[in-house]
Structures are given as structure tokens and as C-alpha cells.
Amino acid sequence: MSAAAALRVGDAIPGLKLPALTAGDLARYAETSGDRAAVHLDEAYARDMGFPGVIAHGLLVMAYLGRTLTDWQPLSRLRSFSCRFQAVTLMGERLECRGVVVAVRALAQERLVDLELEVVNQDAELKITGKATLQL
Amino acid sequence: MSDVPTLDRSVIGREFPPSFAVVEAEAVRRFARAIGETNAVFFDEAAARAQGYRGLPIPPTYVFSMKHAGSSPDSTLRALGVEGGSGKLLHAEQAFEYLQPICAGDRLCFRERVADVFEKKGGALVFIVLETRVTDDRGETVAIIRHTEVIRSDV
């Protein structure tokens with residue numbers, strides 16, 4: 001890939017801006033992921049837990065972030081993907097996923113690119129910080 | 001509150017019984033739709049094969065859901081005596097290593113163990129790291145999942 005071959009530290013990968021999160025998004029994710037924990041689905045329960053309302057599954061937000069990786073490069077190039085959850089995401093928040101190249105290196109005849117990733121909301125509040133390594 | 005979860009380092013190394021799952025094409029499509037995917041490789045077998053996959057490949061985080069096969073991720077923690085749902089338990093970190101693509105039709109085995117337990121803030125936060133080795137039906141490791149949960153006793 002010529003575009004990937006020219007990658008440099010500091011380059012951003014194409015980001016992803018998502019529409020406002022809805023309870024329907026969580027319901028669909030709960031159904032397909034099997035994680036039907038009440039804090040994601042039951043408004044009254046989430047309030048009892050001290051949250052302002054239901055909170056998104058962390059793995060749903062991570063899955064959005066994963067889309068930026070597989071939109072950018074073929075899935076088979078992905079070697080590792082990790083994240084740290086920084087803050088919960090509430091309904092109505094509009095998330096944005098971003099990534100930037102922090103290293104381009106060689107390992108056993110392969111060229112690898114390391115990315116630092118983040119998900120923020122419309123007010124630039126940090127939700128997730130992450131890392132990924134892809135083979136070029 | 002009397003339900004403050006406790007956990008000590010004696011559980012490190014504890015292994016859970018293996019679980020098994022087959023990657024279903026329709027489930028991959030449903031998951032891809034639920035996360036807003038539009039990439040044809042996750043929906044269309046022909047597109048997947050054209051890119052060299054033997055079936056629909058799974059989105060990067062789906063292997064985490066497959067491990068739980070319909071049950072709550074808290075079930076492992078419950079087996080260690082840590083109750084979820086108290087607001088004291090939070091998913092802190094999640095990591096994946098990918099060694100081979102996982103595709104629809106694959107039979108996977110999940111072997112989970114407690115990789116680490118450590119404290120921060122003088123014991124107010126207890127972290128537990130659960131590591132799952134995912135193997136295919138030839139016994140080759142296709143992915144490693146690391147799930148870090150934090151138990152807060154300060155709330």
C-alpha cells in the first residue's frame with residue numbers, strides 16, 4: 001500500500017464522528033453482544049447506581065473505535081488493540097474516534113505501525129484512550 | 001453496605017473451565033450492524049473471500065462477546081465471589097492480541113484464567129486481570145483477550 005508506506009509519526013488516520021447515542025443503540029448492542037447488564041438498559045436501575053441515566057457498554061464504544069482501524073486498513077493487518085476506559089458515555093452524547101501514528105518500526109521482516117487512539121464526546125471529554133498496532 | 005467485594009492475590013493463576021463457540025455468519029452480521037459497521041467485508045461472503053478470508057471475518061471486539069456466549073461478563077467475577085451490579089465494579093481496560101483472523105465457521109475454545117490482581121490507592125482500588133487464550137480446532141492460538149476490572153471500595 002503506497003499510502004501506508006509513506007506513513008510518518010504524527011500522521012492522523014481518518015477519524016469517525018458518530019451520531020448522538022440512543023437507547024436503541026444500547027439495546028441492539030446488548031442483544032448481539034449478550035451483555036444485558038441492567039446499567040445499560042434500565043434507566044431507574046442506572047440512577048440507583050448513581051449515574052444520570054443508562055450508560056453505554058464500554059465495549060460498544062471500543063467497537064466504534066475499532067471501526068476507525070478497519071476502515072483504514074484491512075482487518076487482517078490488525079495485530080493488537082487495547083483501551084482504557086476513562087469516563088462513562090451517556091445517551092445523547094456524540095462521540096468522535098481518532099487515531100495518530102506514534103511509531104513506524106520493523107520487527108522480524110515486518111513493518112509495524114503503532115497508533116495512539118482516543119474517543120471523545122462533543123465537548124472534548126475523554127471517554128477512551130487506546131493503542132493499536134497494525135502490520136503495513 | 002455489607003456487599004463490599006473482596007479479592008486477594010491467592011486467586012492469581014486460577015483457571016476456569018474452557019468454553020466453546022462456533023462463529024455464526026448471521027451473528028457476525030448482527031453484531032456488525034449493531035456497532036454501525038458498513039464495511040462489506042463483515043456482511044458479504046463474496047467480499048470477504050475476495051479479500052482472502054475463508055468466511056466473514058469478525059470485527060475486532062466481537063471475540064470478547066463470543067467468550068461470554070450470551071451470559072454477562074460479570075459471571076466470571078461472580079465465580080470469584082465478586083458481585084457486579086453494585087456500582088463498585090468497573091471495566092477498566094480491555095486488550096486484544098490477534099494472531100490469526102477469526103472467521104464465520106470457526107470453532108473456538110476459550111480458556112480463561114486470573115492473570116493478575118493488584119491494588120492502587122492503598123487498597124481502595126483492586127484490579128483484576130482476566131486473560132483468555134482463544135484457540136481454533138487445531139489448537140492454535142488465534143487471539144488473546146485481557147480484561148481488567150476494577151473493584152472500588154471507596155464508594
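Refer to the preceding data block for the structure.
The text that follows walks through the structure, step by step, so that each part is easy to find.

## With respect to the overall build of chain B
Phase 1 of the analysis: Helices and strands together make up the secondary structure of chain B, namely four helices and five strands.
Phase 2 of the analysis: Seen in sequence order, chain B has helices and strands lined up from the N terminus as β-α-α-α-α-β-β-β-β.

## A look at the overall build of chain A
Phase 1 of the analysis: The number of helices and strands found in chain A is five helices and five strands.
Phase 2 of the analysis: Tracing chain A from N to C terminus, the helices and strands come up as α-β-α-α-α-α-β-β-β-β.
Phase 3 of the analysis: Classification of the 136 residues of chain A by burial places 34% in the buried group.
Phase 4 of the analysis: Restricting the contact set of chain A to residue pairs at least 6 apart, pairs at least 24 apart contribute 64%.

## Brief notes about unusual backbone geometry
All names here are of chain A.
Phase 1 of the analysis: At A108, a position not held by glycine, the phi torsion is positive, near 45 degrees.
Phase 2 of the analysis: Along the chain, A108 falls in the loop between β3 (96-107) and β4 (110-120).
Phase 3 of the analysis: A108 sits in the exposed class, given 5 other C-beta atoms within 10 Å.
Phase 4 of the analysis: Of note, the phi angle at A124 is positive, near 65 degrees, even though the residue is not glycine.
Phase 5 of the analysis: Exposure remark for A124: the 8 C-beta atoms within 10 Å place this residue in the exposed category.

## Looking at the nonpolar core
Phase 1 of the analysis: Membership of the largest hydrophobic core comes to 59 residues, with the highest contact counts inside it found for V61, Y64 and L65 of chain A together with V28 and V63 of chain B.
Phase 2 of the analysis: Among the elements that make up this core, the one with the highest residue count is helix α5 (residues 58-72) of chain A (eight residues).
Phase 3 of the analysis: Counting seven residues, the second-largest nonpolar core is a separate cluster that includes V82, V114, V126 and I151 of chain B.

## Some remarks on the packing of helix α2 (residues 23-33) of chain A against helix α1 (residues 25-34) of chain B
Phase 1 of the analysis: Look at α2 of chain A against α1 of chain B: their axes get within 9 Å of each other, and the N-to-C directions meet at 155 degrees. Here α2 of chain A lies roughly antiparallel to α1 of chain B, going by the angle between them. At the point where α2 of chain A passes α1 of chain B, the crossing takes the left-handed sense. Facing α2 of chain A, whose interface residues are R28, Y29, T32 and S33 of chain A, α1 of chain B presents R30, F31 and A34 of chain B.
Phase 2 of the analysis: Looking at side-chain class alone, the contact of α2 of chain A with α1 of chain B contains three nonpolar, two polar and two charged residues.

## Digging into the sheet that holds strand β2 (residues 78-85) of chain A
Phase 1 of the analysis: Read across the open sheet, the 10 strands follow the order β1(A)-β3(A)-β4(A)-β5(A)-β2(A)-β2(B)-β5(B)-β4(B)-β3(B)-β1(B); overall the sheet is antiparallel. A strand with exactly one partner marks an edge of an open sheet, and here the two such strands are β1 (12-17) of chain A together with β1 (19-22) of chain B. Geometrically, the sheet is characterised by an average inter-axis angle of 20 degrees between neighbouring strands, direction not taken into account.
Phase 2 of the analysis: Here β3 of chain A pairs with β4 of chain A via 11 bridges, running antiparallel. The partner of V100 of chain A across the bridge, within β4 of chain A, is E116 of chain A.

## Some thoughts on the interface of chain B and chain A
Phase 1 of the analysis: Contact with chain B, which involves 33 residues of that partner, is made by 33 residues of chain A.
Phase 2 of the analysis: Those elements that place two or more of their residues in the side of chain B that touches chain A are α1, α3 (62-68) and β2 (89-98) of chain B.
Phase 3 of the analysis: Ranked by residues supplied to the side of chain B that touches chain A, first place goes to β2 of chain B with eight residues.
Phase 4 of the analysis: Considered class by class, the residues forming the side of chain B that touches chain A number 15 nonpolar, 13 polar and five charged.
Phase 5 of the analysis: With five bridges joining them, β2 of chain A and β2 of chain B adopt antiparallel strand pairing. Within β2 of chain B, the residue paired with S80 of chain A across the bridge is E97 of chain B.

## With respect to the environment of R84 of chain A
Phase 1 of the analysis: Considering the arrangement of structural elements, one finds R84 of chain A in strand β2.
Phase 2 of the analysis: For the pair R84 of chain A and T129 of chain A, spaced 45 residues apart in sequence, the C-alpha to C-alpha distance is 5.4 Å.
Phase 3 of the analysis: Ignoring any residue separated from it by four or fewer positions in sequence, one finds R84 of chain A in contact with I128 and T129 of chain A together with A92 and E93 of chain B.

## Re the pairing of strand β5 (residues 141-152) of chain B
Residue and element names in this part refer to chain B.
Phase 1 of the analysis: Bridge count between β2 and β5: nine bridges; the pairing is antiparallel. Bridge assignment links A95 to a residue of β5, and that residue is R146.
Phase 2 of the analysis: When strand β4 (residues 125-135) meets β5, the two strands line up antiparallel, connected through 11 bridges. The residue bridging R133 from the neighbouring strand is I144, located in β5.

## Section: the environment of T132 of chain B
Residues and elements named next belong to chain B.
Phase 1 of the analysis: In this fold, T132 is placed in strand β4.
Phase 2 of the analysis: For T132, a count of 23 C-beta atoms within 10 Å puts it in the buried group.
Phase 3 of the analysis: Measuring from C-alpha to C-alpha, the distance between T132 and H147 comes to 8.4 Å, with 15 residues separating the pair along the chain.
Phase 4 of the analysis: Once residues lying within four places of it in the same chain are set aside, the contact partners of T132 are K67, F110, R111, E112 and I145.

What counts, and where the lines are drawn
- Sequence order sets the numbering: in each chain, residues are counted from 1 along the sequence as written.
- As a convention, the first chain written is A and the first ligand written is 1, with the rest following in written order.
- Local features in this predicted model are restricted to residues of pLDDT 70 or higher, and side-chain atom pairs are both shown and tallied only at a pLDDT of 80 or more, whereas totals for entire chains, interfaces and linings draw on every residue.
- Helix and strand labels come from DSSP, where a helix needs a run of H or I of at least four residues and a strand needs a run of E of at least two; each type is numbered from the N terminus.
- Burial is judged by counting other C-beta atoms within 10 Å of a residue's own C-beta: 20 or more means buried, 12 or fewer means exposed, and anything between counts as partly exposed, with every C-beta placed from the backbone.
- By the criterion used throughout, residues are in contact when their C-beta atoms, derived from the backbone, lie within 7 Å.
- In plain words, the nonpolar core is the set of buried Ala, Val, Leu, Ile, Met, Phe, Trp, Tyr and Cys residues that C-beta atoms within 7 Å link up.
- To obtain an axis, a line is fitted to C-alpha atoms, over the contacting stretch when the element is a helix, and the angle between two such axes runs from 0 to 180 degrees between their N-to-C directions.
- Should an angle fall under 35 degrees it is called roughly parallel, over 145 degrees roughly antiparallel, and 65 to 115 degrees roughly perpendicular, with every other angle called oblique.
- Each helix crossing is assigned a hand: it is left-handed if the near helix lies turned anticlockwise from the far helix by less than a right angle, otherwise right-handed if that turn is clockwise.
- Classification used: nonpolar for Ala, Val, Leu, Ile, Met, Phe, Trp, Tyr, Cys and Pro, charged for Asp, Glu, Lys and Arg, polar for all others including Gly.
- Two strands qualify as a pair provided DSSP detects at least 2 bridges between them.

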